[in-house]
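# Chain and residue survey
Read off the chains here:
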Amino acid sequence: MTHTVATALAALEAHRLDVGHRDIADLFREDPARFGKFSARLDDLTFDYSKHRVTEATLAHLLALARAAKLEERRDALFAGEHVNNTEDRAAMHMALRNLAGRPLRVDGVDVMPDVEAERAKVQAFARAVREGAIRGATGAPFSDIVNIGIGGSDLGPAMAARALSPFVRKGLRAHFISNVDGADIADTLAGLDLARTLFIVSSKTFTTQETMANAASARARVAEALGEKAVGDHFAAVSTKLDLVAKFGIRPDRVFGFRDWVGGRYSMWGPIGTALAIAIGPEGFDDFLRGGQDVDTHFREAPLQDNIPVLMALLGVWYRNVWGFAAHAVIPYDQRLARFPAYLQQLDMESNGKSVSRSGAPLRIATAPVIWGEPGTNGQHAFFQMLHQGTDVIPVDFLVAGEPVEADARHHALLVANCFAQSEALMLGRSRAEVEKILAAQGLSKPAIEALAPHKVFPGNRPSSTLLYKALTPRALGRLIALYEHKVFAQSVIWDINAFDQWGVELGKELCTRLAPAVEDGTRPLAGLDPATAGLVAARRALLAG
Ligand code: F6P
């Protein structure tokens, strides 16, 4: 951490002592126009951050922190194609995948757009041909089911988006996603599918990922068994940066879509990794989705820091994580179709910023990525909201909600929106002991009964939340939401001085699994050489199987 960042953080900590005792509800009482002052817009999207423990002075301190961390310079370096991913010596130029404006974007001095556009055109032509039945299975039947086989960044984005955009999926087409090495995943997904009408897309940046390769091999065997070995070429496509490995797997070259290593896995759904989504919602729908991402790139580059939504999201996160010490952050979409959005964000945020050393490898003296979690509302209200309202931990929440539904069911939607707004209101206002006592007295409870019950009915309130309100969950709106969070994560990584684009923390477990697998598979192998804790588990499982 540089001296200037440390100074800006120290100033924020001192500032907390000034504002810490002030309730958000009081801030609203003092300034009823607060909503207008503490909200930002991007076309039809509103980011309401008025229900936070912040004043104008807090914002000034947070913006000073952003400047001390040289956020604008680092953002410009990202867009200039500098090797911001320093441990892998690469740029992070996923923005090129959604650059529809044709503006040159350079990596290592070369404009990558011609390459990106050529590959995008290939994917779109393929998507169109599959949708129109010009590309068919080996028996001549058109494809009705598209199965993406991938994991992490090669699964979560497209899977989340295909669900989010289900009303835009062409009738008669279904997108499925197999990710887990647990054989239950492929078994359950393929049960009931007609393989003659099923197209598999093997998606893997590295084309070595154990889970994906195991699932792809099983799917290949299933197709060969059902339709004959010669049918395999007609039922598989692949997306990867490792075209040589794809060729070895035996996928026809005209069904292989490539991308470059300057696209990180968790940032890759905008390109060929989105092929299953492009088939499902169509090339035009996919372009609209890209347009949403592009809208946010322009906003992130051009909006002044104080109106810049991803920057504000990032700074509020830093305020709570580093100054208040809150360790978790909930994302609650009041949008059933965004059910997988929190899971998608978990990879985006926690794989990017779950680090404890700086870009130069020095131990960080500051807390980084909080735990990101969430589930759709209203369901969450009947499950974990108890803890959000009355638990001992304060968990800032992002509420996501559409102004109108994609389907015209206004009554359901009004109830949904009312629930969403009411929850953020309840978190902010709480209910004091005096109010509770008054309510219980009005219900006719005796004094001792009120004494006994009142503490359980008190809500502390002053619990912060943001609301992201968009018109409807269209492809463009979804593209905007995703890109907002991507740049939020990047902005936080700048403040924490983290490389947001590597993920070394996933390696050790993979390595140990490769070493361990033979002893798990073959019950006769000696356990000597395994660490005693693991040997204990392997032996216990062997005993289970023997018994
Ligand atoms: O294990 C983590 C990870 O490397 C992610 O970063 C990545 O998105 C995922 O695995 C899948 O990798 P691949 O696309 O190379 O199969």
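Rules of the game
Residues numbered from 1 in each chain as written. Predicted model: local features only at pLDDT ≥ 70, side-chain atom pairs only at ≥ 80, totals over all residues. Heavy atoms only, no water. Salt bridge = Lys/Arg side-chain N within 4 Å of Asp/Glu carboxyl O. Buried < 20%, exposed > 50% of the residue type's maximum accessible area, 1.4 Å probe, protein only. 1 Å grid on protein atoms, 1.4 Å probe; cavity = no way out; pocket = protein on both sides within 12 Å on 5 of 7 lines; lining within 4 Å. Points joined across faces, edges and corners; volume = space filled by probe spheres on them. Helix = DSSP H or I, 4+ residues; strand = E, 2+ residues; numbered from the N terminus. Domains from an automatic or database assignment. Nonpolar A, V, L, I, M, F, W, Y, C, P; charged D, E, K, R; others polar. Pairing = 2+ DSSP bridges. Right-handed = clockwise from strand over helix to strand, strands pointing away. Polar contact = N/O pair within 3.5 Å; in protein donor to acceptor, adjacent residues only side chain to side chain.

Right, let's talk about the pattern of salt bridges for a bit. In the structure shown here, the tally under the stated rule is 29 salt bridges. The residue lysine 37 makes a salt bridge to aspartate 31 at a minimum N-O spacing of 2.7 Å. Overall, the relative accessible area of 45% leaves lysine 37 in the partly exposed class. A salt bridge links arginine 197 to aspartate 194; the shortest N-O distance between them is 3.7 Å. Accessibility expressed as a relative area gives 39% for aspartate 194, which makes it partly exposed. Residues joined in a network through salt bridges with shared partners are Asp43, Asp44, Asp295, Arg476 and Arg480.

Okay, the layout of surface pockets next. A volume near 880 Å³ is recorded for the largest pocket. Residue lining of the largest pocket: 36 residues in total, with Thr206, Thr209, Gln503, Val506 and Lys510 positioned closest to the centre. When residues of the lining of the largest pocket are traced back to their parent elements, those giving at least two are helix 9 (210–227), helix 14 (341–353) and helix 20 (507–521). In terms of residues, the lining of the largest pocket owes the most to one element, helix 20, which gives four residues. For the lining of the largest pocket, the domains that each give at least three residues are domain 2 (124–284) and domain 4 (508–546). Considered as a void within the structure, the second largest pocket measures approximately 440 Å³ in volume.

Turning our attention to empty space enclosed by the protein. Taken as a whole and judged by the stated rule, the model has three cavities of 30 Å³ or more. Quantified by volume, the largest cavity comes out at close to 80 Å³. Broken down by element, the residue count for the lining of the largest cavity peaks at four residues, all from helix 13 (residues 309–324). For the lining of the largest cavity, a count of residues per class yields five nonpolar, four polar and two charged. Approximately 70 Å³ is the volume found for the second largest cavity. In terms of lining residues, the second largest cavity is bounded by Gly317, Tyr320, Arg321, Phe326, Ala328, His329, Pro370, Pro396, Lys488 and Gln492. When contributions to the lining of the second largest cavity are tallied by element, the ones reaching two or more residues are helix 13, strand 10 (328–334) and helix 19 (475–496). The biggest single contributor to the lining of the second largest cavity is helix 13, with three residues.

The element strand 10 is extensively covered by neighbouring structure, given that seven of its seven residues are classed as buried. The two faces of strand 10 match: Ala328, Ala330, Ile332 and Tyr334 on one face and His329, Val331 and Pro333 on the other face are all buried. Both strand 10 and strand 11 (residues 371–373) contribute to a ladder of three bridges, which runs parallel. Directly across from alanine 330, in strand 11, lies its bridge partner tryptophan 373. In terms of handedness, the path from strand 10 via helix 14 over to strand 11 forms a crossover that is right-handed. Bridge count between strand 10 and strand 12 (residues 397–402): five bridges; the pairing is parallel. The residue bridging tyrosine 334 from the neighbouring strand is valine 401, located in strand 12.

Glancing now at the environment of histidine 83. Tracing the backbone shows histidine 83 in the loop between helix 5 (71–79) and strand 3 (106–107). We classify histidine 83 as partly exposed; its relative accessible area is 28%. Considered as a pair, histidine 83 and valine 107 are 24 residues apart in the sequence and their alpha carbons are 8.5 Å apart. A distance of 2.7 Å separates a polar atom in the side chain of histidine 83 from a polar atom in the side chain of aspartate 89.

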